[in-house]
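# Architecture and fold: a report
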Amino acid sequence: MRLNSLAFRLFATAIVSTMLVLPLAGLIIYSVYRQEVEEGFDERIRQLLTIVHADSIDRAEAEPGAPGQVGEPLFFITHSGWYWQIKPLAGAPGQHQVSPSLATFVLPSPFEAGVEPDAQGARWMNAGGPNDQRVRIAETVYAFGEEKDAPQYSIAVAGPLDWLDARVAGFGTQLAMALTLAGIALVAVTLLQVRFGLLPLRAIENGLAAIRSGKAARLDGELPAEIEPLQQELNALIQSNQEIIDRARTQVGNLAHALKTPLAVITNEARDDKSQLGSKVAEQARLMRDQVNHYLDRARMAASAGSLVRVTEVLPVAEALQRALERIYRDKGVAILLECADEARFQGERQDLEEMLGNLLDNACKWARSSVRFKVAVRRPEPRGAQPRLIVSIEDDGPGLSEEQLRQIGKRGLRLDETKPGSGLGLSIVGDLAHSYSGSLGLAASRYGGLSATLDLPAA
Amino acid sequence: MRVLVVEDDPDLNRQLVQALSEAGYAVDSAPDGEEGFYLGETEPYDIVILDIGLPKMDGISILEQWRRADRNMPVIILTARDRWSDKVSGIDAGADDYLAKPFHMEELLARVRAQVRRSAGHAKSEIECGPLRLDTRTARVTCAGQTIKLTSHEYRLLAYLMHHNERVVSRTELVEHLYDQDFDRDSNTIEVFIGRLRKKIPADLIKTVRGLGYRLTQEPDEA
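Residues numbered from 1 in each chain as written. Chains lettered and ligands numbered in written order. Predicted model: local features only at pLDDT ≥ 70, side-chain atom pairs only at ≥ 80, totals over all residues. Heavy atoms only, no water.

This part is about the overall build of chain A. Along the backbone of chain A there are nine helices and 12 strands. Taking all 460 residues of chain A together, 40% fall into the buried category. If you take every contact in chain A between residues at least 6 apart in sequence, the share linking residues at least 24 apart comes to 63%. Total accessible area computed for chain A in this model is approximately 25100 Å², and 57% of it derives from carbon and sulfur atoms. (Helix = DSSP H or I, 4+ residues; strand = E, 2+ residues; numbered from the N terminus. Buried < 20%, exposed > 50% of the residue type's maximum accessible area, 1.4 Å probe, protein only. Contact = heavy atoms within 4.5 Å. Areas by Shrake-Rupley, 256 points an atom, 1.4 Å probe, with all protein chains shown as cover.)

Bringing the interface of chain A and chain B into the picture now. Across the contact, 35 residues belong to chain A and 33 residues belong to chain B. Roughly 3100 Å² is buried in total at the junction of chain A and chain B, and carbon and sulfur atoms are behind 50% of that figure. Applying the counting rule to chain A against chain B returns six salt bridges. For A:E355, the salt bridge goes to B:R83, with nearest N and O atoms at 3.4 Å. Linking chain A with chain B are 14 residue pairs in polar contact (both at pLDDT 80 or more), by the criterion used here. Counting residues per element, the ones that place at least two in the side of chain A that touches chain B are helix 4 (228-272), helix 5 (276-305), helix 6 (314-328) and helix 7 (350-367) of chain A. By residue number, the principal contributor to the side of chain A that touches chain B is helix 4 of chain A, which donates 15 residues. The residue inventory of the side of chain A that touches chain B, partitioned by class, reads 10 nonpolar, 10 polar and 15 charged. (Buried area = accessible area lost by both parts, 1.4 Å probe. Salt bridge = Lys/Arg side-chain N within 4 Å of Asp/Glu carboxyl O. Polar contact = N/O pair within 3.5 Å; in protein donor to acceptor, adjacent residues only side chain to side chain. Nonpolar A, V, L, I, M, F, W, Y, C, P; charged D, E, K, R; others polar.)

What follows deals with the side chain of B:R113. All names here are of chain B. Its place among the elements puts R113 in helix 5 (residues 105-120). Despite its burial, R113 remains without a salt bridge, the nearest opposite charge being carried by D135 at 6.7 Å. With sequence-adjacent residues up to four places away left out, R113 is seen in contact with Y25, T136 and R137. (Lys, Arg positive; Asp, Glu negative; His and termini not counted.)

Residues and elements named next belong to chain B. P102 follows K101 through a cis peptide bond whose omega is -10 degrees. Mapped onto the fold, P102 is located in the loop between strand 5 (97-100) and helix 5. Here D70, not a glycine, exhibits a phi torsion of approximately 65 degrees, which is positive. Looking at where D70 falls in the secondary structure, it is placed in the loop between helix 3 (59-68) and strand 4 (75-79). Not every positive phi belongs to a glycine, and A144 is a case in point at roughly 50 degrees. In this fold, A144 is placed in the loop between strand 8 (140-143) and strand 9 (146-147).

The subject of this paragraph is the pattern of salt bridges. For the structure shown, the criterion picks out 37 salt bridges over all chains. Between A:R134 and A:D162 there is a salt bridge; the shortest N-O distance is 4.0 Å. Here the residue A:R134 occupies a position in strand 4 (residues 134-143), and A:D162 occupies one in helix 2 (residues 161-197), the gap between them amounting to 28 residues. Residue classification places A:R134 among the partly exposed positions, given a relative accessible area of 40%. For A:D162, a relative accessible area of 35% puts it in the partly exposed group. Note that B:R118 is salt-bridged to B:D96, the shortest N-O span being 3.1 Å. Pair noted here: B:R118 is in helix 5 and B:D96 is in the loop between helix 4 (84-93) and strand 5, with a separation of 22 residues, a long-range link.

We now examine the packing of helix 6 of chain A against helix 7 of chain A. Residues and elements named next belong to chain A. Running from N to C, helix 6 and helix 7 point in directions that differ by 35 degrees, and their axes come no closer than 10 Å. In this structure, the crossing between helix 6 and helix 7 has a hand that is right-handed. Within the contact between the two elements, helix 6 uses V314, V317, L321 and L325 and helix 7 uses R350, L353, E354, L357, G358, L361, D362 and C365. Of the residues assigned to the contact of helix 6 with helix 7, the class counts are eight nonpolar, one polar and three charged. (Axes fitted to C-alpha atoms, helices over the stretch in contact; angles between N-to-C directions. Left-handed = near helix turned anticlockwise from the far one by under 90°.)

Here helix 6 of chain A contains 15 residues, and its C-alpha end-to-end distance of 21 Å stays within 8% of the 21 Å for a straight helix at 1.5 Å per residue. Among all positions in helix 6 of chain A, only A:V314, A:V317, A:A318, A:A320, A:L321, A:Q322, A:A324 and A:L325 are buried. (Expected span 1.5 Å × (residues − 1).)

With that out of the way, let us pick up the pairing of strand 5 (residues 152-160) of chain A. Residues and elements named next belong to chain A. Burial analysis of strand 5 places eight of its nine residues in the buried class, which makes it a mostly covered element. Two elements, strand 1 (residues 83-89) and strand 5, share seven bridges in a ladder whose sense is antiparallel. When the bridges of strand 5 are listed, P88 appears paired with Y153. As judged from the nine bridges shared by strand 4 and strand 5, these two strands associate in the antiparallel manner. Its bridge partner being in strand 5, R136 is matched across the sheet by G159. (Pairing = 2+ DSSP bridges.)

Next up on the list: the environment of B:W84. As for its position among the elements, B:W84 is in helix 4. Setting aside anything within four residues of it in sequence, one finds B:W84 in contact with A:L321, A:L325, A:E354, A:E355, A:G358, A:N359 and A:D362.

All names here are of chain A. Under the criterion given, the structure shown has six aromatic pairs over all chains. Taken together, a centroid distance of 5.0 Å and an interplanar angle of 70 degrees make the contact between F346 and Y437 edge-to-face. Here F346, found in strand 8 (residues 345-347), pairs with Y437, found in the loop between helix 9 (426-436) and strand 11 (440-445); they are 91 residues apart in sequence, far enough to count as distant. Taken individually, F346 and Y437 each receive the classification buried, so the pair is uniform in this respect. Through successive ring pairs, a cluster of aromatic residues spans F41, W82 and W163. Directly above the ring of Y448 sits R373, whose terminal nitrogen or CZ lies 3.7 Å from the centroid. (Phe/Tyr/Trp six-rings, centres within 6.5 Å; stacked < 30°, edge-to-face > 60°. Lys NZ or Arg CZ within 6 Å of the ring centre and 35° of its normal.)

Structure (structure tokens):
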């Protein structure tokens, strides 16, 4: 997942919000639970205190007695954490009485520690118990008689704080585990959601790839409402792109027609005029012709460069050119020996392929003695998945070129032999066109004697 | 040799007619597709120069219709649209050659000569018949190495006979191929020029085939 991606944005937002919300929710649940448990614990102590209190004074006349049935067996198990204690205060008569669970330990008195009573008259305090236990003590102070100096007794009940803490801590651990699991599940669900939710975008990506490789002309298929406008816009863009190219091509063709006929007239008129003016006009008209051709080629190329790439079957183009050139050169009897892989497809405009192959074949036919070898192959480079290449080789059995000539040829307008017709722009426009498709044109001596031209182009 | 020029640009049309006439061809011209199509369908031309971008009817359609109707004269296509797709569609429609504008008149004339020769079945630019030798590039005729001086009408007649040597050529065929459509076909000009030619070359080379026409041959008299 790339940092700058929709998936990452959606995923990161989900993760961050989960990380914030889950612990917060955990804290709230934990504190509510703790409060509930503490209140229940205090309530239990208060109830036991009420029972112990009532029971101890019920059968007594001058001082509290030991309570009878309080219904709590833990008062009988030594150091169980649950205790009661009745203690005479400030020299009051009577015995110090405790539950069997407390054994010999004496609980401190909140009253003596100066704790104020709550609304129901109970004093609350946390203190140490036997065996380093921590206990919560609730105490009422009872006076026998109405007099001011009537003897007072502390009646207390204690419950184990450690038990309370262990319960709350146990809940906390379970809660944390549950929330962590929930978090992990949420992350997984988010991942799934992001992948599933973004699937239509993958469909668009695949659709565009199909258009680039020429397998489709537009984006088809049902897409979700949110990205349907995108699909429509892309289709409109593709169409308008093609229209612009077609229009540019037509305009270029019209311009060619509009300029070249008058140029033909001027050229011919000037050649009939033997004066200095005539020769000057002829010379300039020739320059104009070359420039017009040069810039028309460039304009066509610029029109192609802006195009969303199309795919062209090579075989029909190769066969049409073979047919046309064999007819043009039939007096010379040149045979074009075509060998073309059926699956050869050029990733680019048909017209550009025709221009490259046509110029090279025309050149080869001009120079060939009897035959031109025209071979089209597809090379699939390793590793698999890399773009395949189209390798076109055109060789003639003509006189060929020297090393020096090979170096010079291809420069714009250069012609090594002025006796063969043609403007000499052929090879340079082929090189430029190949270059515009990130391809190349290579020239070398052919084993058949003449020139060997090799085009390396993107295949589809 | 009779040529049809179909070109809508009046200046280029005039230049083509002029250059071809000067080169010894009988030239008809049409300023649009319809007239060009009609002329090509009804008159026996030895070659047609056909522009592709024409008003009323485009060059490719004209050519296709001619070929469908078995009009098999050589056709050179002329156009400013010089992409290979244009060339291929022109050749596929039945054109024999293709020339992109602007062009040199010399190149057009060379291609016209080549197509005329080819359609008459001659591979080389020089045509021989006995002691006679015609160089189509220079429009010169020699007899046993000696240059023969010919007027342009005499040259046209002799060149046509040499292109079709050993074949009987009728008077009508000669009239149709040597003169443009405005020529008065009832005149006896052909007989006059045959008579003049017989004085300049060995007379027995041009035989009169009674009732049929003339034959240029190097065979001795059968009689």
